[in-house]
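Survey of secondary and tertiary structure
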Amino acid sequence: MTTSKKKTPDCSRNIRLLEYYEKENASSRALSDKFLIGRTQATGLIKNKDTVLKLWKSKGNDEMKTKKRRKTKSINNNINNVVYEWFLQIIVCVFGFFMHSI
């Protein structure tokens, strides 16, 4: 089994990649080979260059966080809660039934 040579880009690597891109005008394939990341990641960094640099300048070197999706509340949050409670009650009933039959 082979292990992947690709690495997850961190903030400083993103900036080095963008600086190298600006200086050498390298392709996304050359960037992915040099920085050991996927071509899609390299292309995404190039497309979002302004945003990455802006975040880097505003947040600082090591404090820059990648955006994570937040779990938003659903429109049907009340229904989801009711169904979840019902499901738990059914599980308790089924588990109780099996415990009595043993």
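What you see is a predicted model; the values in this text were computed from it and never measured.

Considerations on the packing of helix α2 (residues 28–35) against helix α3 (residues 39–47)
Two elements in contact, α2 and α3, have axes separated by 8 Å at closest approach and are oriented at 115 degrees. By the criterion of interaxial angle, the relationship of α2 to α3 is roughly perpendicular. With respect to the hand of their crossing, α2 and α3 are arranged in right-handed fashion. Two secondary-structure elements touch here, α2 through Ser-28, Arg-29, Leu-31 and Ser-32 and α3 through Arg-39, Ala-42, Thr-43 and Ile-46. Partitioned by chemical class, the residues of the contact of α2 with α3 number three nonpolar, three polar and two charged.

Observations regarding the nonpolar core
Ranked by size, the top nonpolar core spans 13 residues in total, and within it Leu-17, Leu-18, Leu-31, Phe-35, Ile-37, Leu-45 and Val-52 carry the most contacts. Counting residues per element, the ones that place at least two in this core are α1 (11–24), α2, α3 and α4 (49–59). Broken down by element, this core gets its largest block of residues, four residues, from α1. Each residue touching Phe-35, except ones within four places of it in the same chain, is listed here: Arg-13, Arg-16, Leu-17 and Tyr-20.

What to know about the side chain of Ser-32
With respect to the secondary-structure elements, Ser-32 resides in helix α2. Residue Ser-32 is classed as buried on the basis of its relative accessible area, which comes to 7%.

Considerations on α3
Listed as buried for α3 are Ala-42, Leu-45 and Ile-46. Within α3, the buried residues cover an arc of 100 degrees as seen down the axis, which keeps them to one side. For α3, the exposed residues lying more than 90 degrees away from the buried face are Thr-40 and Lys-47.

Some thoughts on the packing of aromatic side chains
Applying the stated criterion to the full structure yields one aromatic pair. Consider the rings of Tyr-20 and Phe-35, whose centres lie 6.0 Å apart with planes at 70 degrees: the pair is edge-to-face. Taken together, the residues span a long stretch of sequence, with Tyr-20 in helix α1 and Phe-35 in helix α2 at a distance of 15 residues. Sitting over the face of the ring of Phe-35, Lys-34 holds its NZ or CZ atom 5.8 Å from the ring centroid.

Observations concerning the confidence of the model for the chain
Averaged over every residue, the pLDDT of the chain is 78; residues scoring 70 or more account for 72%. For the chain, the element scoring lowest by mean pLDDT is α4, at 82; α3 scores highest, at 90.

Conventions we followed
Residues numbered from 1 in each chain as written. Predicted model: local features only at pLDDT ≥ 70, side-chain atom pairs only at ≥ 80, totals over all residues. Heavy atoms only, no water. Axes fitted to C-alpha atoms, helices over the stretch in contact; angles between N-to-C directions. Helix = DSSP H or I, 4+ residues; strand = E, 2+ residues; numbered from the N terminus. Parallel < 35°, antiparallel > 145°, perpendicular 65-115°, else oblique. Left-handed = near helix turned anticlockwise from the far one by under 90°. Contact = heavy atoms within 4.5 Å. Nonpolar A, V, L, I, M, F, W, Y, C, P; charged D, E, K, R; others polar. Core = buried A, V, L, I, M, F, W, Y, C linked by side-chain atoms within 4.5 Å. Buried < 20%, exposed > 50% of the residue type's maximum accessible area, 1.4 Å probe, protein only. Arc of directions from axis to C-beta. Phe/Tyr/Trp six-rings, centres within 6.5 Å; stacked < 30°, edge-to-face > 60°. Lys NZ or Arg CZ within 6 Å of the ring centre and 35° of its normal. pLDDT = per-residue confidence, 0-100.

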